[in-house]
Amino acid sequence: MTSLTTPTPATPTPPLATTPAPRDDLIHDPSGPVLLVGGYGTVGAELARIAAPFWPLLLAGRTVARGRPLAEELGARVERWDLAGPEPFRAGVRAVAAVVNDPDDRVLRAAMRGGVPYVDITRWTARLQRAAIVAALHGPAAPVLLSSSWMGGVTGLVAASLANGLGGADTVDVAVRWDLKDRAGADSVEFMDRLGLDYEITEGGQRRTVMPLGDVRRVRIGDRPTKVARIDTPEQFTLPLALGAATAATRIGFSSAASTASLLAVKRLGFFRWGRGERFAAARRALLYAPGEGGVARLRIDVTHRGRTRTATVTDDAGQAHLTAVGAALGLHRILGTDGADAPHGVLFPEMTPIPSRVPELLAGYGVTLDVTDPTDPPGSPDADAAPSEGPAA
């Protein structure tokens, strides 16, 4: 007869050592400065110059010495806040804009604890989804604007403006022309790290998973025919929620046809699948990160509702860093209620603007051109001829 014996208890595994997350404190001060976290980087410096005429500024980042010349130029303060470091940050501010990656949500959580209006322009889709959940569970007392759609929320604003003129949005197509001569911070090509990951889209009211750099098309962005391919961007998640679009797609192409062709060729070789991880991060980013002295930011947005389409071409001669900063500045005005409408409540996206008809005017105030082709344009007119997509690329 086999006897049952009580097994010797296993030695318990000691818990993993963890370092408590720093508790940062942002205190709401309606007369205090606007805090720009990452406020002296490529986009942050553009935003600081745009925002300085409206509010006193507090610039924060890892290296105070880098920010001091800009702070002196603008009459701003500059303080250290290293989001990857252990030191907590404390300040009284009227609002905060996150212009740098915040992977642990330190800025978001500090803003919500302090009841500080918050706008963020730096998140890829998965991080935006997480932030929306974190904010919704917290029940923020002050507005939380997650404005990471392409170019700091400009894409969402323009889509909302076009949809307003049509009475709704069934389909939103975004085509981006990335100017390789433009100034760019290293974080601006972080999307390269996502090109090996499938992502979810909404198409015909259904969710499905697609591969990046697929479904290649050739479209005319302004006067520039451009080959574009799918890319994961947050507006493909937010537009169906905020505008009720049954289909939302964003594609990107480059000012150099050779660069676009090379990127698509590398994708066909499977590099973005087997070249994931930190080991190949430099190689991935080197494919596109070659910032120049300046270029032009261009994108095209098509919104269709009940068979009628409006098309907008957005152009910023000051470049993509400036256009992103414009989106962030409009976000700050939105959360503070200084754009002609009352300040909002809760968690929101840029396309939820209460003043969509004013979007062209607001963009023009910062030197951004919005050329809109309405469905009433007669066939054969120059605008009508420029609007249609040229269809799938060979």
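Everything quoted here is computed from the prediction, not taken from an experiment.

Caption draft 1: View of the environment of Leu166. The topology assignment puts Leu166 in helix H5 (residues 154–166). It is 9.0 Å that separates the C-alpha atoms of Leu166 and Pro375, two residues lying 209 residues apart in sequence. The residues touching Leu166, leaving out its near neighbours within four places in the chain, are Val303, Thr304, His305, Arg308, Arg310 and Pro375.

Caption draft 2: How the structure looks around the pattern of salt bridges. Using the criterion set out here, one finds 21 salt bridges in the structure. Note that Arg208 is salt-bridged to Glu203, the shortest N-O span being 2.7 Å. Residue class for Glu203 comes out partly exposed when judged on its relative accessible area of 29%. The partner of Glu203 in a salt bridge is Arg230, and the shortest N-O contact between them spans 3.2 Å.

Caption draft 3: Structural view of the side chain of His305. Inspection of the secondary structure assignment puts His305 in strand E15 (residues 297–305). The exposure class assigned to His305 is buried, which follows from its relative accessible area of 11%. Non-local contacts of His305, meaning those with residues more than four positions away in its chain, are made with Leu166, Gly167, Gly168, Ala169 and Asp170.

Caption draft 4: Up close: helix H4 (residues 125–138). An ideal rise of 1.5 Å per residue puts 20 Å on 14 residues; H4 measures up with 20 Å between its terminal C-alpha atoms. Taken as a whole, H4 has its buried residues at Thr125, Leu128, Ala131, Ala132, Val134 and Ala135. Buried residues along H4 sit against helix H3 (106–114), strand E8 (144–146), helix H6 (235–243) and strand E17 (347–348). Note on H4: the residue one or two positions beyond its end, Gly139, has a positive phi of about 65°.

Caption draft 5: Inspection of unusual backbone geometry at higher detail. Even without a glycine there, the phi angle at Asp105 is positive, about 60°. Phi is positive for Leu213, close to 65°, though the residue is something other than glycine. Along the chain, the position of Leu213 falls in the loop between strand E11 (206–210) and strand E12 (217–221).

Caption draft 6: Focus on the sheet that holds strand E3 (residues 57–61). Strand order in the open sheet formed by seven strands is E4-E3-E2-E6-E7-E8-E17, with parallel pairing between adjacent strands. Every interior strand has two partners, whereas the edge strands, strand E4 (77–80) and E17, have only one. With two bridges connecting them, E8 and E17 associate as parallel partners. By the bridge assignment, Leu145 is partnered in E17 with Leu348.

Caption draft 7: Quick peek at the pairing of E15. Burial analysis of E15 places eight of its nine residues in the buried class, the great majority of the element. Looking at chain direction, strand E9 (residues 171–178) and E15 are connected through seven bridges and run antiparallel. In the strand pairing of E15, Ala175 is matched with Arg300. One ladder, built from nine bridges, connects E15 with strand E16 (residues 308–316); its direction is antiparallel. When the sheet's bridge partners are listed, Val303 is paired in E16 with Arg310. Linkage of E15 to E16, two consecutive antiparallel strands, is achieved through a turn of two residues, within which Arg306 is found at a positive phi near 50°.

Conventions and cut-offs
Residues numbered from 1 in each chain as written. Predicted model: local features only at pLDDT ≥ 70, side-chain atom pairs only at ≥ 80, totals over all residues. Heavy atoms only, no water. Helix = DSSP H or I, 4+ residues; strand = E, 2+ residues; numbered from the N terminus. Contact = heavy atoms within 4.5 Å. Salt bridge = Lys/Arg side-chain N within 4 Å of Asp/Glu carboxyl O. Buried < 20%, exposed > 50% of the residue type's maximum accessible area, 1.4 Å probe, protein only. Expected span 1.5 Å × (residues − 1). Pairing = 2+ DSSP bridges.

These figures capture arrangement, not role.
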